[in-house]
Amino acid sequence: MKVVVIIPAAGLGTRMSSASSSLKSKSKQFFELQGTPILVHTLRKFAACKEVDEIVVALRKNETPGFQKQIEKEKFSKPLRIVEGGEHRQNSVSNALAAIKAADDDIVLVHDAVRPFVDQETIVNVIEAVKKYEAAIAGVPAIDTVKQVDRTADGAVVIATVPREKMVLAQTPQGFRFGMLKKAFDEANADGFMGTDEASLIERAGGAVHVVMGSVRNMKITTPADLELAEFFLAQENREVSLSG
């Protein structure tokens, strides 16, 4: 059994670029933290995981040559391939699945390119949960009160308060048996269904998705404010490594 990680990284990051005109020239995954692209920080976490066998990155065609040079400098110990990404995340993951040679029982992890602070414990726990349950995601409990609303011309109107204990905030990695995920993608693509994440396609196909505890640090960098927090987290991470060394 092998573990393959898919990193869909073909998004444009419209929330990031719309917030600052100085960021319009880059996709968010290529913004730098301490001089290194966010995507590379993310890849380092999976390359360092002993359970991972292969990494596949889905990129926009015009961004591939420059990124390939960056990867060559990294000298990752794990095989890393680049496939062409699609207009949407689902298209990118679908392209990556088509490029993978795997048995139905092999494990596929899908992880956001802009979650560079995923820890080894979370990665391994998702893998172990997939071995047991076939489908699992990282998630954290909802802390704030969750309101269900109706959208109106005058704004949003609360129609219900959702019990917080029944809510989790989904993170990545999201992990699945290859055969299960490929079948769910094929069915969704045939029906023209576009899911919000990989787990939503498994849910649509009638599969059960288990949740393992993620981390509040496993943040998704989507706004300039997130970049500031990410710089703080990275400084802490580097300090911890320095102390442990």
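What comes next is a walk through the structure. For clarity, every value in this text was computed on a predicted model and none was experimentally measured.

1. What about unusual backbone geometry?
For residues that are not glycine, phi is negative in most cases, and the peptide bond is trans in most cases.
Right, so step 1: In this structure, Pro173 follows Thr172 across a cis peptide bond, with omega equal to 15°.
Right, so step 2: Its location among the elements puts Pro173 in strand E10 (residues 168-177).
Right, so step 3: One non-glycine residue with positive phi stands out, namely Gln34, at about 50°.
Right, so step 4: Along the chain, Gln34 turns up in the loop between strand E2 (32-33) and strand E3 (36-37).
Right, so step 5: Of note, the phi angle at Glu134 is positive, near 85°, even though the residue is not glycine.
Right, so step 6: Relative to the helices and strands, Glu134 is located in the loop between helix H5 (120-133) and strand E7 (135-141).

2. Notes on the environment of Phe30
Right, so step 1: Among the structural elements, Phe30 can be located in the loop between helix H1 (14-19) and E2.
Right, so step 2: Through-space distance from the C-alpha of Phe30 to that of Pro65 is 13 Å; in sequence the pair is 35 residues apart.
Right, so step 3: Setting aside residues no more than four positions away along its own chain, Phe30 makes contact with Pro37, Leu39, Leu59, Glu63 and Phe67.

3. A closer look at the packing of aromatic side chains
Right, so step 1: Under the definition given, this model contains 3 aromatic pairs.
Right, so step 2: Arranged with centres 5.7 Å apart and planes meeting at 80°, the rings of Phe117 and Phe233 form a pair that is edge-to-face. Note that Phe117 is positioned in the loop between strand E6 (107-110) and H5 and Phe233 in helix H8 (residues 224-244), a separation of 116 residues in sequence. For the residue pair Phe117 and Phe233, the accessibility class agrees, reading buried in each case.
Right, so step 3: A centroid spacing of 6.1 Å and a plane angle of 45° characterise the contact between Phe232 and Phe233, whose relative ring orientation is tilted.

4. Let's talk about the layout of surface pockets
Right, so step 1: Each pocket or cavity is described by its volume, and for the second largest pocket that value is around 290 Å³.
Right, so step 2: Arg115, Val140, Leu169, Gln171 and Met219 are the residues nearest the centre of the second largest pocket, which is lined by 14 residues in total.
Right, so step 3: Looking at the lining of the second largest pocket, the element that brings in the most residues is E10, giving 3 residues.
Right, so step 4: The residue inventory of the lining of the second largest pocket, partitioned by class, reads 7 nonpolar, 3 polar and 4 charged.

5. Some points on the packing of helix H2 (residues 38-47) against helix H3 (residues 64-74)
Right, so step 1: For the pair H2 and H3, interaxial distance at closest approach is 11 Å and the crossing angle is 40°. Our classification of the angle between H2 and H3 gives oblique. When you trace H2 past H3, the crossing you get is right-handed. Mapping the contact onto sequence places Leu39, Val40, Leu43 and Arg44 in H2 and Phe67, Gln70, Ile71 and Glu74 in H3.

6. Points about the sheet that holds E6
Right, so step 1: Taken in spatial order, the 7 strands of this open sheet run E5-E4-E1-E6-E10-E7-E11, and their pairing is mixed. At either margin of the open sheet sits one strand with a lone partner, and together these are strand E5 (80-84) and strand E11 (210-213). Mean inter-strand twist for the sheet, computed between neighbouring axes without regard to direction, equals 30°.
Right, so step 2: Bridge analysis of strand E1 (residues 3-8) against E6 gives 4 bridges, and the strand direction is parallel. In the strand pairing of E6, Ile6 is matched with Val110.

7. Here we look at the pattern of salt bridges
Right, so step 1: Going through the model one piece at a time under the given rule, you end up with 12 salt bridges.
Right, so step 2: Salt-bridge contacts for Lys131 lead to Glu128; the nearest nitrogen and oxygen are separated by 3.1 Å. Note that Lys131 and Glu128 are positioned in helix H5 at a spacing of 3 residues, about one turn of the helix.
Right, so step 3: Judged by its relative accessible area of 36%, Lys131 falls in the partly exposed class.

Calculation criteria
- Residues numbered from 1 in each chain as written.
- Predicted model: local features only at pLDDT ≥ 70, side-chain atom pairs only at ≥ 80, totals over all residues.
- Heavy atoms only, no water.
- Helix = DSSP H or I, 4+ residues; strand = E, 2+ residues; numbered from the N terminus.
- Contact = heavy atoms within 4.5 Å.
- Phe/Tyr/Trp six-rings, centres within 6.5 Å; stacked < 30°, edge-to-face > 60°.
- Buried < 20%, exposed > 50% of the residue type's maximum accessible area, 1.4 Å probe, protein only.
- 1 Å grid on protein atoms, 1.4 Å probe; cavity = no way out; pocket = protein on both sides within 12 Å on 5 of 7 lines; lining within 4 Å.
- Points joined across faces, edges and corners; volume = space filled by probe spheres on them.
- Nonpolar A, V, L, I, M, F, W, Y, C, P; charged D, E, K, R; others polar.
- Axes fitted to C-alpha atoms, helices over the stretch in contact; angles between N-to-C directions.
- Parallel < 35°, antiparallel > 145°, perpendicular 65-115°, else oblique.
- Left-handed = near helix turned anticlockwise from the far one by under 90°.
- Pairing = 2+ DSSP bridges.
- Salt bridge = Lys/Arg side-chain N within 4 Å of Asp/Glu carboxyl O.

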